[in-house]
Amino acid sequence: GTMHPVQERMTKSHGSQCGFCTPGWVMACAGFLLSDLPKTPNNMEQFFDGNLCRCTGYRPIIQSFMKLLNGEKADCTGSCETCTACDETQEGHSCENDRGRESSSGCCGGACGGADMTDIEDLVPLKKVTTIVRGERQGTLHLSDAKTDFFQPNTLQNAADLFLRLQAEGFDRKDIGVNAGHTGKGGVEKYYNGTAPYHRSIETKVIVDVNAIPELQNIATSGSLHTIWSGVTLNKLIAYFGSLDYEPFQAAKRHISVVANNQVRSAGTWAGNLVMAQKYPDFPSDIFLTLTALDARVSFLNYQGEVVGNVPVQNFCKQSYFKDNCALLLNFSVEQKEGSWVARRFKLTTRARNAHAHASC
C-alpha cells in the first residue's frame, strides 16, 4: 500500500520533526476533510484547536494541509495540458511541484482523479477484538470482570429498570458511574476528586454506558421552547445554537466554543460537564454558566425510576437533594424569548483553549 494523502503531504511539506504529535495532526486533518464543514482556512484552523506541536512551529503543518484543501492529491501521470507548476506540456509528464492538481489547468487535466489510495487503517494489521454490536437487541447489555460491571441499556425504560435493580442489589449510589463521552475522567476529574497530590481517577464498581439510548440524542423544538437531550455533544450543541437567529444563543455558541478543544467537544456532552459541576463545586463549568444565563431548566431520572423536571440549573448543581437523587440527567429546556436582545460573554484564561477560566461571565 501507499501512504494516505494526508500523511504524504505532511511528509513532503516538512510538517513533522520529532514525530510525537504527527499522528494526531494526521487524524485531525483526515477528520476535517471527511467532515461536513466548509473547507475554508478559518474552519481548518478552528478544527485543529486541540493539536499541539513543540518542534516545527505550526506554519509547515498548516501549509501542508492548505495544499490538500487546494485540491492536491498523490502522484499522477497522464496526458497533460499545460502544468501550472512548471509549464511542461509533454505527454506522460509527472510534475514534482504540483502533484496532480485536480483541475483543468493541472497536470493531466485532472483526468486521472488521483492515484489509488490506501486507507490509514489498512497500513497496520488490525488486532482481533471483541465487537459489541449497537444495533437492535433485547434488554440491557451486561459485561463484567473481577473489578467492574458494565451495563449498556438501549432505552430509557431499560435504564430506569437498571437503576432500580442496582439499588435493590445493594449498590451504593457512589459506586455507579454514568458514561457518555467519558472525556472528563482522565484529564479533569482527577484534579477535583480529592486525590491530590497524585491526581488519580476514581473507578466505580458499576459503569452505565448511555450511548445506545437513541432518545438521548434528540434535539426538539416546540414553538419557542428548545429541548436538548443529554447525549448531544458540545459540538452538536454549538452547531444548533449557531443555526438560530437569537442573540443569546449566538453568545452561548461562542462561549461553548472555547470549552476544551475540538476533539473533546466532538465526544463530550453538555450533560457530562454539568454533572461534573454538580459533583465538584470547585469545577469552573462554562456549561453551568451558559445554561444559567439562558435560564435553562433540566430534567433527570432519579434512582426510583421517576422523571423530575423543570429544575433550574443553579438548583440542580447547588442543592444536595438533586445531587443525591440524580441517576441520569435527561435534558435541558430553554425558552427563546421575544424582543431584541444583546448578549455578551467573556472568559479570562491562561490559553485560548484547553484552560479553565480564571474569570468567566
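Structural data are supplied above this passage.
The following paragraphs examine the structure supplied in this document. (Residues numbered from 1 in each chain as written. Predicted model: local features only at pLDDT ≥ 70, side-chain atom pairs only at ≥ 80, totals over all residues. Heavy atoms only, no water.)

As for the overall build of the protein chain
Where we set the bar: Every helix listed is a DSSP run of H or I at least four residues long, and every strand listed is a run of E at least two residues long, numbered separately from the N terminus. Only protein chains enter the calculation, and the probe is 1.4 Å; a residue is then buried if its accessible area is under 20% of its type maximum, exposed if over 50%, and partly exposed in between. The criterion used for residue contact is that any of the two residues' heavy atoms lie within 4.5 Å. Here the open area of atoms and residues is found with the Shrake-Rupley method and a 1.4 Å probe, where only the protein chains shown may cover a residue.
Each helix and strand counted, the protein chain has 13 helices and eleven strands in total. For the protein chain, the proportion of its 361 residues judged to be buried stands at 41%. Counting only contacts in the protein chain whose residues sit at least 6 apart along the sequence, the fraction spanning at least 24 positions is 61%. Surface exposure of the protein chain reaches about 19,800 Å², of which carbon and sulfur atoms provide 51%.

Overview of the sheet that holds strand β4 (residues 206-209)
The strands making up a sheet associate through backbone hydrogen bonding, with each pair oriented either parallel or antiparallel. We apply this condition: In this description, strands pair whenever DSSP reports at least two bridges between them. To obtain each axis, a line is fitted to C-alpha atoms, and for helices this fit is confined to the stretch in contact; angles are then taken between N-to-C directions over 0 to 180 degrees.
Across the sheet, which stays open at both edges, the four strands sit in the order β1-β2-β4-β3 with mixed pairing between neighbours. Each edge of the open sheet is held by one strand with a lone partner, namely β1 (141-144) and β3 (176-179). Pairs of neighbouring strands in the sheet enclose a mean axial angle of 20°, with direction left out of account. Note that strand β2 (residues 149-152) and β4 share three bridges and pair parallel. Counted as the bridge partner of F151 is V208 from β4. Contacts from helix α5 (residues 156-168) reach β1, β2, β3 and β4 within the one sheet, and its direction differs from that of β4 by about 170°.

What to know about the sheet that holds strand β5 (residues 219-222)
Spatial strand order, β5-β6-β9-β7-β8: five strands in an open sheet with antiparallel pairing. Strands with a single pairing partner mark the edges of an open sheet, and in this sheet they are β5 and β8 (307-312). Neighbour to neighbour, the strand axes of the sheet diverge by 25° on average, direction disregarded. Judged from the five bridges that link them, strand β6 (residues 225-229) and strand β9 (residues 326-335) form a sheet pairing that is antiparallel. Residue pairing in the sheet places I228 in a bridge with F332 of β9.

Quick notes on the pairing of β5
Of the strand pairs in this sheet, β5 and β6 are connected by four bridges, and their pairing is antiparallel. If you follow I219 over to β6, its bridge partner there is I228.

Thoughts on helix α2 (residues 22-34)
How we decide: A helix is expected to span 1.5 Å multiplied by its residue count minus one.
Taking 1.5 Å of rise per residue, 13 residues should cover 18 Å, and α2 covers 18 Å from first to last C-alpha, within 8% of that figure. All buried positions along α2 are accounted for by T22, W25, V26, A28, C29, A30 and F32. The secondary structure elements touched by the buried residues of α2 are α1 (5-12), α3 (41-47) and α4 (59-69).

Some words on the packing of aromatic side chains
What counts, and what does not: Any two rings among Phe, Tyr and Trp, with Trp reduced to its six-membered ring, count as a pair given centres within 6.5 Å; such a pair is stacked if its planes are under 30 degrees apart, edge-to-face if over 60, and tilted if neither. Note on geometry: a ring has a charge over it if NZ (lysine) or CZ (arginine) is within 6 Å of the ring centre and within 35 degrees of the ring normal.
The full count for this structure, using the stated rule, is 16 aromatic pairs. Ring plane angle 80° and centroid distance 4.8 Å describe the contact between Y246 and F249, whose orientation is recorded as edge-to-face. An aromatic cluster is present here, built from W25, F32, F47, F48, Y58 and F65 joined pairwise through their rings. Cation over ring: K39 sits above F32, and NZ or CZ is 5.4 Å from the ring centre. A cation sits over an aromatic face here: K318 above F288, 5.1 Å from the ring centre.

Here's the deal with the pattern of salt bridges
For clarity, the cut-off: We define a salt bridge as a side-chain nitrogen of Lys or Arg found within 4 Å of a carboxyl oxygen belonging to Asp or Glu.
Taken as a whole and assessed by the stated rule, the structure comprises eight salt bridges. Salt-bridge contacts for K12 lead to E8; the nearest nitrogen and oxygen are separated by 3.1 Å. Taken as a pair, K12 and E8 lie in helix α1 at a separation of four residues, close to a single helical turn. K12 gets classed as partly exposed once you look at its relative accessible area, which sits at 38%. In this structure E8 comes out as buried when scored by relative accessible area, which is 14%.

In short, shape yes, function no, at least from these values alone.
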